[in-house]
Amino acid sequence: MNKKERLLGSLTRRSFVKSAAMGAAVAGCASGATFALGQEAEGAAAEEVFSSYCRGYCTNNCPLDIHVVNGDIAYATAHVSDDERFTRICVKGHALPYREYSKKRILHPMKRTGERGEGKWEEISWEEALDTVAGQWKSITEQYGPTAMSFYRLTGNRSILNGDGKGNMYSRFCKATGCTTYGVAVDAATSYALGRQVGLGYYLAANSPTDYINSKTIIIWGANPAVSQLQNMHFLQEAKDNGTKIICIDPVFTATAAYADEYIPIIPGSDGVLAFGLMSLAVQNGWVDMDFLANHSVAPFLVKETDGKFLRLSDLGRAEAGAQDDAIVVMAADGSFDIPENIAEPVMEGTFDVEGVSVTTAWSLLLARIAEYPMDRVVELTGIPEETIINLATDYAGEGNKPFAIYTFFGVDHYYNAHWSDACMGALAIITGNIGKKGAWIGVGEFRNPTCFNTGWASDVPVPEGGGKNVIVAKMAEVMNEKTYNGNPFEIHGIYCACGNPVGNVANRNNTIDWLLKMDFIVVADVVMSETAEYADIVLPAAFWFECEDIMGSSANSPFVNYGEKILEPAGEAKPDFEIYKLLAERLGYGEYFQYSTSEYLTHILDTDECRSYGIDYETLKEKKVMLCEPLDYVHGEGGVFPTNTKRAEFYLENPKASNDDSRIWDVEKERLPYWEPPREVFNGMESKYPFQLITEHNKLVTHTQWFDVEAIQELDPEPLISITAVDAESLGIADGDVVRVYNDRGSLTIKCVIKNNMMPGIVMVPKGYTAAQYIDGHLSNLTPNEMNPFCGNQPFFDCAVAIEKM
């Protein structure tokens, strides 16, 4: 037995549970816990500690200390940051040594010898593998153009050199080759909707987590931070301990709901309706912040009936249309018009005739939209009692109850109507003035990818003629079956996949496999044999996080630039993605743009004035390991100034812009004001053919399909289960532990059931993150829909109707 096997073998299920239990608690992550891998086996052996960070993108990116005993990784602990509020680790961080030594590691380049997906492989040399990939790449692009090769990546490695962080080598490679990239359209609606209304700052559309303590009340609405955003749960807990009231709105009684002061169940997908109901009560009770609306929102702006645009000086003959000085105007009480800065108290309501053009204030337009949702309609559509809605409105907007915050994440996001619901929630924050102040915000509350990196330099390479296309992954069936994209001729013949697993994660798995198999050439670079790698023609072994140097900025909920040391040599013949890109670029004729060592590339990336303002450069970061790169007490829109075109909060959008490029199917009029319509598949009156809503539940032990190969985690969570309420189980004749088949027109899943009563009847839940081999038959992703909203491309995972039968 070698040293690695001895280290792994010394960890029993009991010792794993004991060491990881604190990380699985509701608050999420205890800073002192260690992962005692190999301690008993090695005793007082020599130990070294290296700097690293977690890169699976659960939105935390925790800085870590990796402990090495006699040359092997033994355990991981939380890195003690200068600001100890960010010193945290969870079960997944503790389990990282298992990922390093996984039995499913790809150790050598391989080529397929059987049918795709059959699992027959032959080991080949790196020379043969790279020559094959480059040869196929050249053959395809010479015949069809640079965009006929494509590159798929997602968030499997949140890093600069080897992953998908801002300023990454992947982007440089794609730009230099001109290949097609994929808009994966996942978790996109919330940031898209709120970004249109209030812009995005350091923490997307929210204040920093350190500000939570200043809120009198926080609604956790469509989020489960006790499982999914552990760093933020820590700050929420401190706020609650300080007297902040926590209210949870969710169709499911989650771990977060159990922790909250009040839980409000809601019919899935009706969140926008509830926001309209709360706005209506705010208007009726005089809880609208009229000063904020007049001075910091578009409420007094005059909307022209002819084209939906704001009235400007050019409409009055006082400027040239489109000129820099063609400013938006408002109206004074005496009927005169001027720029907002010159009218202290603009008219807020009414419709007026201006030189033959009818104009209406944006506030009046919103009031008319709010009036479409009387209380009886809100109660019917949301399933929430009127008294509960009134009490919630009082908590949110009532006198003496501000500042108030809305913590939202991807629960609302995962529906066809998501960006509409999010926009309604954003408008609620705007009209009540619960934004732009300490303790008042709405958003996902996560740190943005940093603006401090030298991303311009990273992408400063020429694009080959005809190159540089981006396509929405949900439209790949059109591309591969019809050889068109948005109705225009377009072909893709090859795909290179890294840091992502589309077969395991993209909605409508059978559709994904179908279009993938139509590719002439498939290459996958990965650490383990993923479900996507199983269909590849060439598989390349990628180095794991601890086997290469890298950095990452303040992605997610950690306001630091993290330095990851190279701790071990790559397993087998694995290579860092950074090195693979360089070797491929050389063979493809683009090597001149990749003549950088890791240290040279990172030096360039950190060469910015903003990095210097925080004292960050490559050598200093190597020394300090973790360095602050964003303000800790940030207030988004502070002083009522927002990063939007008007510098105001925009509940009315003059020029709505879609997140995708298919203009054939846009309905712009749905996008100007807050708007709601039901989800696509699930809601009241769902078809009797598929009477249940399937929610793909987040699993706290994995991130997407990463950690699937960790045996200790599999012992804690040995098999996927579908949760069904007792009411629904009785109607189906199902008992706890029965095997059931879940199905719809897209596919099926055979799985064992467990009866739970933490959700509304009609809802069933399956945790995501499992592979096909872990299910009895089928796959969870066989069921989920890939039909996206035409204006906001986003995979609607929860908008999924299914039927269930006992096996």
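Scroll up to find the structure this text is about.
## Here's the deal with the packing of helix α12 (residues 271–284) against helix α15 (residues 375–382)
Okay, so step 1: It is the contact of α12 with α15, at a shortest axis distance of 9 Å, that shows an interaxial angle of 155°. Relative to α15, the element α12 lies roughly antiparallel. In the packing of α12 onto α15, the handedness of the crossing is left-handed. Residues Val 273, Leu 274, Gly 277 and Leu 281 of α12 pack against Met 375, Val 378, Leu 381 and Thr 382 of α15.
Okay, so step 2: When the residues that make up the contact of α12 with α15 are grouped by side-chain class, the tally is six nonpolar, two polar and no charged.

## Examining the packing of aromatic side chains
Okay, so step 1: Under the criterion given, the structure shown has 37 aromatic pairs.
Okay, so step 2: A centroid spacing of 5.2 Å and a plane angle of 55° characterise the contact between Phe 86 and Phe 235, whose relative ring orientation is tilted. Residue Phe 86 is located in the loop between β3 (72–78) and α4 (91–94), and its partner Phe 235 is located in helix α10 (residues 230–241); the two are separated by 149 residues in the primary sequence.
Okay, so step 3: What makes Phe 86 buried here is its relative accessible area of 1%.
Okay, so step 4: The exposure class of Phe 235 is buried, given its relative accessible area of 4%.
Okay, so step 5: Where Phe 544 meets Trp 545, the ring centres are 4.9 Å apart and the plane angle is 15°; that geometry is what we call stacked.
Okay, so step 6: Residue Phe 544 is classed as buried on the basis of its relative accessible area of 1%.
Okay, so step 7: Trp 545 gets classed as buried once you look at its relative accessible area, which sits at 3%.
Okay, so step 8: An aromatic cluster is present here, built from Trp 137, Phe 151, Tyr 170, Phe 173, Tyr 496, Tyr 581 and Phe 594 joined pairwise through their rings.
Okay, so step 9: Sitting over the ring of Trp 707, Lys 92 keeps its end group 6.0 Å from the ring centre.

## Concerning the nonpolar core
Okay, so step 1: With 67 residues, the main nonpolar core has Trp 221, Leu 274, Leu 293, Trp 363 and Phe 651 as its most contacted residues.
Okay, so step 2: Tallying contributions element by element places α12 first for this core, with eight residues.
Okay, so step 3: Ignoring sequence-local partners within four residues, the contact set of Leu 293 consists of Val 288, Ala 299, Pro 300, Met 348, Trp 363, Ile 430, Ile 431, Arg 648 and Phe 651.
Okay, so step 4: Formed by 56 residues, the second largest nonpolar core is a distinct cluster that contains Ile 124, Trp 126, Tyr 496 and Ile 551.

## Some words on the packing of α12 against helix α14 (residues 362–370)
Okay, so step 1: Relative to each other, α12 and α14 sit at 115°, their axes nearing to 9 Å. In the crossing of α12 with α14, the sense of the turn from one axis to the other is left-handed. Contact residues: Phe 276, Met 279, Ser 280 and Val 283 in α12; Trp 363, Leu 367, Arg 369 and Ile 370 in α14.
Okay, so step 2: Each residue belonging to the contact of α12 with α14 can be placed in one class, and the counts come to six nonpolar, one polar and one charged.

## What to know about unusual backbone geometry
Okay, so step 1: At the junction of Lys 402 and Pro 403, the peptide bond is cis and its omega measures out at 5° in the coordinates.
Okay, so step 2: Tracing the chain through its elements places Pro 403 in the loop between α16 (386–397) and β16 (404–408).
Okay, so step 3: Even without a glycine there, the phi angle at Lys 483 is positive, about 55°.
Okay, so step 4: Looking at where Lys 483 falls in the secondary structure, it is placed in the loop between α19 (476–482) and β19 (484–485).
Okay, so step 5: Notably, Cys 499 is not glycine yet its phi reads approximately 60°, a positive angle.
Okay, so step 6: Checked against the element boundaries, Cys 499 lands in the loop between β21 (494–498) and α20 (502–505).

Conventions adopted
- Residues numbered from 1 in each chain as written.
- Predicted model: local features only at pLDDT ≥ 70, side-chain atom pairs only at ≥ 80, totals over all residues.
- Heavy atoms only, no water.
- Axes fitted to C-alpha atoms, helices over the stretch in contact; angles between N-to-C directions.
- Helix = DSSP H or I, 4+ residues; strand = E, 2+ residues; numbered from the N terminus.
- Parallel < 35°, antiparallel > 145°, perpendicular 65-115°, else oblique.
- Left-handed = near helix turned anticlockwise from the far one by under 90°.
- Contact = heavy atoms within 4.5 Å.
- Nonpolar A, V, L, I, M, F, W, Y, C, P; charged D, E, K, R; others polar.
- Phe/Tyr/Trp six-rings, centres within 6.5 Å; stacked < 30°, edge-to-face > 60°.
- Buried < 20%, exposed > 50% of the residue type's maximum accessible area, 1.4 Å probe, protein only.
- Lys NZ or Arg CZ within 6 Å of the ring centre and 35° of its normal.
- Core = buried A, V, L, I, M, F, W, Y, C linked by side-chain atoms within 4.5 Å.

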